[in-house]
Amino acid sequence: MLDVRALTVRVGGKLVLRDVDLRIDTGETVVLFGPNGCGKTSLLKTIMGGADYRIESGCILFRGRDITALGMDERARLGIGLAFQRPPAVRGVKLAGILRSCLGKRGAFREQELAGLAAELNLEEFLDRDLNLGFSGGEIKRSELLQLMAQAPFFVMLDEPDSGVDLVNIRLVGLAISQLLEKEKPAAGGEKAGLIVTHSGYILDYVNADRACIMLDGTICCSGSPRELLEDIRAKGYEGCVQCRGQK
Amino acid sequence: MKRKAAAAAEKQAPYGPDIDLDAYSTRPEKHGAVASLTELPVEVEERALSVGVAVGEECRNGSFFQMDHSVVFSAAYQSGLEVMDITSALEKHAWLEEYRWRALAADADKYTARAELMPHHGYFLRALPGVRAEFPLQACLYMTQEGLAQHVHNIVIAEEGSELHIITGCTVASPVRSALHVGVSEFYIKKNARISFTMLHNWAPDVAVRPRTAAIVGENGIFLSNYICMKPVKTLQSYPVAYCEGDNATVRFNSVLLAGEGSDIDVGARVFLRGRGSRAEVVSKAITTGGTITARGHLLGEAPGVRAHLECRGLILGNRGKICAIPELEGCVKDLDMTHEAAVGKIAPEEIEYLTARGLTAEEATAVIVRGFLDIEMKGVPASIGEEIRRALEGEKIGGGF
């Protein structure tokens, strides 16, 4: 599905990603761990096509196509979706409006479909609100997932979907993510794939991830079982990763 | 009154560039009356429609149509509503003289003075006590002659417990490039009465416009004003004022302005909150694609329990153009709550990028944000007028290509 090869990226002159390799297959869900500022969000934004993320070298292949030179909107239309960690508030643009636009890009849809999606994330009352304006942290996460559900991308990127979400809503968030990744129908092989950045790992209680990677200082240094890596990080912190990398 | 006005004939207005009034002709050709607005030529019909005035009069309770200095049509279709030209109204109602220049001073500046010294009609609209207009009244002030001056004086009265909805469109025939429009409008909203007033302007690149508007709002009265000018104009300066005289009076001014290259727009709204518990909201949305906009707002809280909010938002599209937001609050009693919010800038790139991540192109994202910016509160405005406002705003292809 996604093949990131030797990607080196700068933002405003600062090196944020160094020689990153990451391959994610169709049907696979990968979680990305790493300390603050290590480059996790930069990797997601670069894959999405953020204008500030200048690719120095390397390339990004999506479903066999080189998308390195494509703009964000083109990548979105090809089927890449990103739930932002801290999206901007967009005054005057209603949540329902952007959902209609996302649904409309996939073909004809009915208003009931939109209302149904909003109900799944307990956001019916937010449809007429300005996008993210005055939303709480948890509401933003749910609104981001709702937009992705309307987009239905092949490749789903989630930037800390569990931070700021209360215990009641984390289950909804987990369900929504499983639905986005089509985790409920693994027998079909699944057309989707995902990359989830998580700090706390809470979301792993609700989403069945296949593999985890650890990012340190702009590069992916380790990969393995999500549970095992999370336990290691909890036990030894990222300091342990640094030492481990040193030993290698 | 004439003497007072004559003394102010050269008095410059505090805002806006000074206009040489003598540069405009005051001798237009005469236009004959029509029995129905549908008799008007198609090109007039189209221009009128662009400012919300429909010749078919669908969903209208009455119409007034003035071309240059000739009143060509006036009619009311609901009992208890009056629609006529001001000259006839003053002849019919001797008491109306009491209302002339009560809310505004004839010697405020050279433009009010001109409207008194050289009046060219204008409309008189009135709802009798307790009468609630089912549909809006519409009025069109139309200019057909190059270089003409049109000075109108309008008076609108909502008697106690009545309700009026008005849509006024001011425009010029399509070949006209230069003209002067001076429009004096006085609104009287009595106890428990309500007026919603929507004004759409569609001028031409060399037209000078000086509306002079004031409203007096009585106890529990409501005055809602929407002003929209999205088309080129050379100079437009207006600073309508409302006096919340009665307790619990409510005033809302919304304005949506677009200044292209060469347009100089200076529009504000001032509200005196004098009645206990009176409320005001002034919201201005200004976009420049190369012109200059000054958005003023002034709230004066003079009674306890007053609540008022002022909002000036300016959007700069492109690399030229200027927006100046000047909000002012003045409170002189302790028990009041007045706030203001002003923001001027371009569209934040991260907002555009965010929407492109949802599959919109940068042009689509910009257009969506601009449309959202122009969205105005339509509460209290009849659906048919809301539609006209939406049409006037959506007709604009702005925001793309930046």
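Residues numbered from 1 in each chain as written. Chains lettered and ligands numbered in written order. Predicted model: local features only at pLDDT ≥ 70, side-chain atom pairs only at ≥ 80, totals over all residues.

Quick notes on the overall build of chain A
Inference 1: Along the backbone of chain A there are seven helices and 12 strands.
Inference 2: Its C-alpha radius of gyration of 18 Å places chain A within 12% of the 18 Å reference for a compact globule of 248 residues.
Inference 3: C-alpha atoms of chain A, sized along the principal axes, occupy 55 × 40 × 40 Å.
Inference 4: Across the 248 residues of chain A, 44% fall into the buried class. (Helix = DSSP H or I, 4+ residues; strand = E, 2+ residues; numbered from the N terminus. Rg over C-alpha atoms; globule rule 2.2 N^0.38 Å. Buried ≥ 20, exposed ≤ 12 C-beta atoms within 10 Å, placed from the backbone.)

As for the overall build of chain B
Inference 1: Assigned secondary structure in chain B consists of seven helices and 21 strands.
Inference 2: Against the globule reference of 21 Å for 402 residues, chain B gives a C-alpha radius of gyration of 20 Å, in line with a compact fold.
Inference 3: Taken over the C-alpha atoms alone, chain B extends approximately 65 × 55 × 45 Å along its principal axes.
Inference 4: With 402 residues in all, chain B has 59% of them scored as buried.
Inference 5: In chain B, 83% of the contacts between residues at least 6 apart in sequence involve partners at least 24 apart. (Contact = placed C-beta atoms within 7 Å.)

Notes on the nonpolar core
Inference 1: Grouped together as the largest cluster of nonpolar side chains are 212 residues, with contacts concentrated most on Ile189(B), Val217(B), Phe223(B), Cys244(B), Val271(B) and Leu273(B).
Inference 2: Excluding its chain neighbours within four sequence positions, the residues that come into contact with Val217(B) are Ile189(B), Phe223(B), Ala242(B), Tyr243(B), Cys244(B), Glu245(B), Gly246(B), Ala249(B) and Val251(B). (Core = buried A, V, L, I, M, F, W, Y, C linked by C-beta atoms within 7 Å.)

With respect to the confidence of the model for chain B
Inference 1: Residue-level pLDDT values for chain B average 93, and 98% of them are 70 or greater.
Inference 2: Note on the complex model: pTM 0.85, ipTM 0.94. (pLDDT = per-residue confidence, 0-100.)

Brief notes about the interface of chain A and chain B
Inference 1: Contacts between the two partners involve 22 residues from chain A and, on the opposite side, 16 residues from chain B.
Inference 2: Of all the elements in the fold, those that place two or more residues in the side of chain A that touches chain B are α2 (72-78), β7 (90-94), α3 (95-106) and α5 (137-151) of chain A.

Focus on the environment of Gly194(A)
Residues and elements named next belong to chain A.
Inference 1: For Gly194, the position within the fold is in strand β10 (residues 193-197).
Inference 2: For Gly194, a count of 29 C-beta atoms within 10 Å puts it in the buried group.
Inference 3: Sequence spacing of Gly194 and Val31 is 163 residues, and the spatial spacing of their C-alpha atoms is 8.2 Å.
Inference 4: Excluding anything up to four places from it in sequence, Gly194 contacts Thr29, Val30, Val156, Leu158 and Leu181.

A short note on the sheet that holds strand β5 (residues 137-143) of chain B
Residues and elements named next belong to chain B.
Inference 1: Across the sheet, which stays open at both edges, the 10 strands sit in the order β2-β1-β5-β7-β9-β11-β14-β17-β19-β21 with mixed pairing between neighbours. For this open sheet the edge positions go to β2 (70-76) and β21 (336-345), each flanked by a neighbour on one side alone. For this sheet the average axis-to-axis angle between neighbouring strands, irrespective of direction, equals 5°.
Inference 2: As paired strands, strand β14 (residues 250-259) and strand β17 (residues 279-288) are joined by 10 bridges and run parallel to one another. Bridge pairing links Leu258 to Ile287 in β17. (Pairing = 2+ DSSP bridges. Axes fitted to C-alpha atoms, helices over the stretch in contact; angles between N-to-C directions.)

Some points on the sheet that holds β10(A)
All names here are of chain A.
Inference 1: Taking strand neighbours across the sheet as the criterion, the six strands line up as β6-β9-β10-β3-β11-β12 in an open arrangement whose pairing is mixed. Taken across any chain shown, the strands that pair with only one partner, and hence form the sheet edges, are β6 (80-83) and β12 (219-224). Across this sheet, the average inter-strand angle for adjacent strands is 20°, counted without regard to direction.
Inference 2: Seen against the sheet, α5 touches β6 and β9 (155-159) and runs at an angle of roughly 165° to β6.

Details of helix α1 (residues 40-48) of chain A
Residues and elements named next belong to chain A.
Inference 1: Counted residue by residue, α1 has nine buried out of nine residues, so it is predominantly covered.
Inference 2: Lys40, Thr41, Ser42, Leu43, Leu44, Lys45, Thr46, Ile47 and Met48 are the residues of α1 that are buried.
Inference 3: Of the residues trailing α1, Gly49 is marked for its positive phi of about 105°.

Comments concerning the packing of helix α5 (residues 349-356) of chain B against helix α6 (residues 362-374) of chain B
Between two packed helices, both the angle of their axes relative to each other and the distance between the axes serve to describe the pair.
Residues and elements named next belong to chain B.
Inference 1: Direction vectors running N to C along α5 and α6 enclose 115°, while the axes themselves pass 9 Å from each other. Note that α5 runs across α6; the crossing there is right-handed. Touching Glu351, Ile352, Leu355 and Thr356 of α5 are Ala362, Ala365, Thr366, Val368 and Ile369, all from α6.
Inference 2: A breakdown of the residues in the contact of α5 with α6 according to their chemical character gives six nonpolar, two polar and one charged. (Left-handed = near helix turned anticlockwise from the far one by under 90°. Nonpolar A, V, L, I, M, F, W, Y, C, P; charged D, E, K, R; others polar.)

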